[in-house]
Amino acid sequence: MIKFFLMVNKQGQTRLSRYYEHVEINKRAMLEAEVIKNCLSRSKDQCSFIEYKDFKLVYRQYAALFIVVGINETENEMAVYELIHNFVEVLDKYFSRV
């Protein structure tokens, strides 16, 4: 199950966030800061899946944007990785040149 969906730029600013479980506002800010720091600090040669607390992070970089999805431990990482790509393709078709 997907817990949250984030779009973040290279400077670490959240551009879009969607939570599918209730998380308090102050905890969201802390969670986003830690997740962003973990994903942005990794090199391109490293895996796009990260174990983090009680869930997994799946992220993908497109130019200056990082898309990060938090999932539970039973979810298939490769399926979510492909979901991110399909989401970006849909945005590209709809808005052209995303």
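For the structure, check the block above.
Read on for an overview of the structure. Bear in mind that the values here come from a model prediction, so they are computed numbers and not experimental data.

Turning our attention to a negative patch on the surface. A grouping of E21, E51, D54 and E73 is seen on the molecular surface, where their side chains present a negatively charged patch. With respect to the helices and strands, the residue E73 is situated in the loop between β5 (65-71) and α2 (77-95). Residue classification places E73 among the partly exposed residues on the basis of a relative accessible area of 47%.

Right, let's get into the pairing of strand β4 (residues 55-62). Working note: regular strand, side chains alternate between the two faces of the sheet. Extensive coverage of β4 is indicated by the burial of six of its eight residues. Sheet analysis places strand β3 (residues 49-52) next to β4, joined by four bridges and oriented antiparallel. If you follow I50 over to β4, its bridge partner there is L57. In sequence, β3 turns back onto β4 through a hairpin of two residues, with K53 there showing a positive phi of about 50°. Inspection of the sheet shows β4 paired to β5 by seven bridges, in the antiparallel sense. The residue of β5 that forms the bridge with K56 is I71.

Another point: the environment of I36. Residue placement: I36 occurs in helix α1 (residues 25-40). A C-alpha to C-alpha distance of 8.6 Å links I36 and Q13, two positions 23 residues apart in sequence. The residues contacting I36, other than those within four sequence positions of it, are V8, G12 and T14.

Taken together, five strands build an open sheet; the order of strands is β2-β1-β5-β4-β3 and the sheet is antiparallel. Every other strand in the sheet has two partners, leaving β2 (14-19) and β3 as the edge strands with one partner each. If you compare each strand with its neighbour and ignore which way they point, the axes differ by 20° on average. Note: strand β1 (residues 2-9) against β5, seven bridges, orientation antiparallel. By the bridge assignment, V8 is partnered in β5 with F66. Where α2 meets the sheet, its contacts fall on β1, β3, β4 and β5, and the angle it forms with β4 comes to roughly 35°.

What follows concerns α1. Its 16 residues give α1 an end-to-end C-alpha distance of 22 Å, which sits within 8% of 22 Å, the value for a rise of 1.5 Å per residue. All of the buried residues in α1 are L31, E32, V35, I36 and C39. One face of α1 carries all of its buried residues, which in axial projection span an arc of 125°. Opposite its buried face, α1 presents the exposed residues N26, M30 and K37, each directed more than 90 degrees away. Buried residues in α1 make contact with β1, β2, β3, β4 and β5.

How each quantity is defined
- Residues numbered from 1 in each chain as written.
- Predicted model: local features only at pLDDT ≥ 70, side-chain atom pairs only at ≥ 80, totals over all residues.
- Heavy atoms only, no water.
- Patch = residues over 30% accessible without salt bridge, like charges linked within 9 Å, V, L, I, M, F, W, Y side chains within 5 Å.
- Areas by Shrake-Rupley, 256 points an atom, 1.4 Å probe, with all protein chains shown as cover.
- Salt bridge = Lys/Arg side-chain N within 4 Å of Asp/Glu carboxyl O.
- Lys, Arg positive; Asp, Glu negative; His and termini not counted.
- Charge placed at Lys NZ, Arg CZ, Asp CG, Glu CD.
- Helix = DSSP H or I, 4+ residues; strand = E, 2+ residues; numbered from the N terminus.
- Buried < 20%, exposed > 50% of the residue type's maximum accessible area, 1.4 Å probe, protein only.
- Pairing = 2+ DSSP bridges.
- Contact = heavy atoms within 4.5 Å.
- Axes fitted to C-alpha atoms, helices over the stretch in contact; angles between N-to-C directions.
- Expected span 1.5 Å × (residues − 1).
- Arc of directions from axis to C-beta.

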